[in-house]
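# Structural characterization, general
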Number of protein chains: 2
Amino acid sequence: MARKPPTKPRKNASQERSRATVDALVEATARILVKEGFEKASTNRIAEIAGVSVGSLYQYFPSKEALVAAVIDRHNEEIMGIVRSARIEVADMPIDKAVRKLVTVAIEAHRIDPKLHRVLAEQIPRTGQLKDVEAFNREVHALVRTYLESRRNEMRKIDPALATFICVSAIEAVAHNTVLNHAEMLTEKTVRTLVDETTRMVVGYLR
Amino acid sequence: MARKPPTKPRKNASQERSRATVDALVEATARILVKEGFEKASTNRIAEIAGVSVGSLYQYFPSKEALVAAVIDRHNEEIMGIVRSARIEVADMPIDKAVRKLVTVAIEAHRIDPKLHRVLAEQIPRTGQLKDVEAFNREVHALVRTYLESRRNEMRKIDPALATFICVSAIEAVAHNTVLNHAEMLTEKTVRTLVDETTRMVVGYLR
DNA sequence: ATATAATGCGAGCATTCACTCGCTTTTCCT
DNA sequence: AGGAAAAGCGAGTGAATGCTCGCATTATAT
């Protein structure tokens, strides 16, 4: 992500300034993606919005793709933060409570920055970044699978990997479609109903 | 889709020739998308592969986007054909049989042209075409909802629109992820297990 | 046969855009 | 203070690409 130094930096140098530049670039990219869409996100424009020159941009990001990847990563990292802590919180809960929590978290996670989420889902051609996204996906699966394995006694006999695949697919799809279709017009009540129903489906399936 | 004629055609003229051209263009677009990806699909290249000149291309398609949209439409139409006939077939079945059929069909539909499906899902920036895809989506929902409404007596008390949303989301997600992750390495047995499990989840949820 | 419309052609235009490079400014270290 | 490295600059380059336009070829009608 950072530049390849021609020689090693003597100390930490003025890292402050450059980190601010990097942040500004990523932030500008995200803003353009949300407000004007992927097509308008040219490197020149990103640099302009970031208040930085194109030259500086290329000092920190080897390509436009890398910039978009950074935005995706930042967003995914935010989501994973929530998911990871939910996984911990859920560790000692019985299945019905746990599933409810996970479903809630899934919807919450998708609601972090719905506009950005939408752009990432609809407009970004996944080329190369696929590996990163897949990694996050695998982590989610692993997190859920270990939980299910720890609660085998509350469940019917079923392959944990398979159960994970089905449950995660279903939960994610509901969360995803909810956010995409109903955008930001989502009442508390609607969300609760959705959570109730999805929980019911998943719990009913597991045992 | 067709050109705007400067004057009305006298008869049906040599429509044969032009229809062949249009077909060749759409087919070439699909082939390039599958074999070389979206980025390589320039209008010049599409024309070249179709054995047609760029000029002719623009006689029938006002833009590159229109060409891609045609490919998407053709693919969606193929899928909808299967789904529509499944809906009819399912009309008089009880819920468990019907759901099983619909789940099977969902996976089958996604398996029609997995490579194309993957490219469309991963690489095509949805800009403008959104409306079309949304229309297909709405039709699927309508098809399922009318079925559920006709079987209300076999189900617990539940809002049909909500039930449709949850079931369709879940089924589509399983089908989609199955095809995307496991590509074309899918044994009959695996598919049957997947169908069994998904059916179990959905039927259990509905009643 | 001749006129008219339909279809097809493809070199080239105009534009966009990712990216480079030579240079200046800022920061750090001694 | 002075020198070196880090950070920043932005006009310019080269390549790609969507699309046009004037002309050529083929089909249809009279």
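Residues numbered from 1 in each chain as written. Chains lettered and ligands numbered in written order. Predicted model: local features only at pLDDT ≥ 70, side-chain atom pairs only at ≥ 80, totals over all residues. Heavy atoms only, no water.

## Topic: the interface of chain A and chain B
A common way to report how large an interface is uses the accessible area buried once the components associate. As a reminder, the rule being used: Note on contacts: a residue pair is in contact if any heavy atoms of the two residues lie within 4.5 Å. Here the buried area means the combined drop in accessible surface, using a 1.4 Å probe, for two parts upon being joined, counting both sides. One speaks of a salt bridge when a side-chain nitrogen belonging to Lys or Arg is within 4 Å of a carboxyl oxygen belonging to Asp or Glu. In protein, a polar contact requires one atom able to donate a hydrogen and another able to accept it; more generally it is a pair of N or O atoms within 3.5 Å, and residues adjacent in sequence count only if both atoms are side-chain atoms. Each helix corresponds to a stretch of at least 4 residues labelled H or I by DSSP, and each strand to a stretch of at least 2 residues labelled E; elements are numbered beginning at the N terminus.
In this assembly, 28 residues from chain A lie in contact with 28 residues from chain B. Contact between chain A and chain B buries roughly 2,500 Å² in total, counting both sides, with carbon and sulfur atoms accounting for 68%. Summed over the three residues of chain A that lose the most area to chain B, namely Glu122, Phe165 and Met201 of chain A, the buried surface amounts to 23% of that side. Here chain A is connected to chain B by two salt bridges. Glu197 of chain A is the salt-bridge partner of Arg156 of chain B, the closest N and O atoms lying 3.1 Å from each other. Put simply, chain A and chain B have eight residue pairs in polar contact (both at pLDDT 80 or more) between them. Elements supplying a minimum of two residues to the side of chain A that touches chain B: helix H6 (114-122), helix H8 (160-182) and helix H9 (188-206) of chain A. The element best represented in the side of chain A that touches chain B is H8 of chain A, accounting for eleven residues.

## Focus on the environment of Lys115 of chain A
Residues and elements named next belong to chain A. With respect to the helices and strands, the residue Lys115 is situated in helix H6. Separated by twelve residues in sequence, Lys115 and Thr127 have C-alpha atoms that sit 21 Å apart. Non-local contacts of Lys115, meaning those with residues more than four positions away in its chain, are made with Val34 and Glu184.

## Side note on the domain arrangement of chain A
Residues and elements named next belong to chain A. We count it as follows: Boundaries between domains were set according to an automatic or database domain assignment. Nonpolar residues are Ala, Val, Leu, Ile, Met, Phe, Trp, Tyr, Cys and Pro. Charged residues are Asp, Glu, Lys and Arg, and all others, Gly as well, are polar.
Split by domain assignment, chain A resolves into domain 1 (14-61) and domain 2 (68-206). Taken as a group, Leu33, Val34 and Phe38 account for 57% of the area that domain 1 buries against domain 2, more than any other trio of residues on that side. Taken together, the links from domain 1 to domain 2 amount to one salt bridge. Between Glu27 and Arg74 there is a salt bridge; the shortest N-O distance is 3.1 Å. Our enumeration of links across domain 1 and domain 2 arrives at two residue pairs in polar contact (both at pLDDT 80 or more). Of the residues belonging to the side of domain 1 that touches domain 2, the class tally is six nonpolar, two polar and one charged.

## Things to note about the nonpolar core
Quick reminder of the rule: Nonpolar cores were defined as sets of buried Ala, Val, Leu, Ile, Met, Phe, Trp, Tyr and Cys residues, with membership established by side-chain atoms within 4.5 Å. The classification of residues rests on relative accessible area computed with a 1.4 Å probe and restricted to protein chains. Under 20% of the type maximum is buried, over 50% is exposed, and intermediate values are partly exposed.
Of all hydrophobic cores here, the largest spans 80 residues; its most connected members are Tyr205 and Leu206 of chain A together with Ile166 and Leu206 of chain B. Filtering out sequence-adjacent residues up to four positions away, Leu206 of chain B remains in contact with Ile95, Val99, Leu148, Met155, Arg156, Ala163 and Cys167 of chain B.

## Remarks on the environment of Thr193 of chain A
Here Thr193 of chain A lies in helix H9. Put simply, Thr193 of chain A and Ser18 of chain A are 175 residues apart on the chain and 47 Å apart in space, counted from C-alpha to C-alpha.

## Topic: the relation of the copies chain A and chain B
The test is simple: Overlaid copies result from least-squares superposition on C-alpha atoms, with residues included only where pLDDT is at least 70 in both.
Note on the identical chains: chain A maps onto chain B by a rotation of 180° and an axial translation of 0.0 Å, with an RMSD of 0.1 Å. Given the turn and translation reported, the copies of this chain are related as if by a two-fold rotation axis. Taking C-alpha positions as the reference, the residue of chain A nearest the rotation axis is Ala170 of chain A, at 2.1 Å. When the interface residues of chain A are mapped onto chain B, 96% of them again lie at the interface, so the same face is used by both copies.

## Considering the packing of helix H4 (residues 64-90) of chain A against helix H7 (residues 130-150) of chain A
All names here are of chain A. Operational definition: Between N-to-C directions, angles span 0 to 180 degrees; the directions come from axes that are lines fitted to C-alpha atoms, helices contributing only their stretch in contact. Each angle receives one of four descriptions, namely roughly parallel if under 35 degrees, roughly antiparallel if over 145, roughly perpendicular if within 65 to 115, and oblique otherwise.
Where H4 meets H7, the axes come as close as 11 Å, and the angle between the chain directions of the two elements is 5°. Between H4 and H7, the crossing angle belongs to the class labelled roughly parallel. On H7, the residues that touch Ile72, Asp73, Asn76, Glu77, Met80, Val83, Arg84, Arg87 and Val90 of H4 are Asp132, Val133, Phe136, Glu139, Val140, Leu143, Thr146 and Tyr147. Here the residues of the contact of H4 with H7 sort into nine nonpolar, two polar and six charged.

## Examining the confidence of the model for chain A
Selection rule: Per residue, pLDDT measures the predictor's confidence, with a range of 0 to 100.
For chain A, the average pLDDT comes to 92, and 93% of its residues sit at 70 or higher. Confidence drops under pLDDT 50 across residues 1-13 of chain A; counting only partners more than four residues distant or on other chains, this segment forms three contacts.

## Quick word on H8 of chain A
Since the α-helix packs 3.6 residues into each turn, any two residues three or four apart lie on the same face. Put simply, the rule is: Here a helix's expected span is defined as the number of its residues, less one, multiplied by 1.5 Å.
The end-to-end C-alpha distance of H8 of chain A is 32 Å, a good match for the 33 Å that 23 residues give at a rise of 1.5 Å each. Of the residues trailing H8 of chain A, Ala183 of chain A is marked for its positive phi of about 45°.

## Quick notes on the UniProt feature "DNA-binding region" (unreviewed entry) in chain A
What counts, and what does not: UniProt positions are given in the numbering used here, feature names are shortened, and annotations may be inferred rather than shown by experiment.
The UniProt record marks residues 42-61 of chain A with the feature "DNA-binding region" (unreviewed entry), using the residue numbering of this structure. Note that residues 42-61 of chain A is 75% helix and 0% strand, and that its end C-alpha atoms are spaced 13 Å apart.

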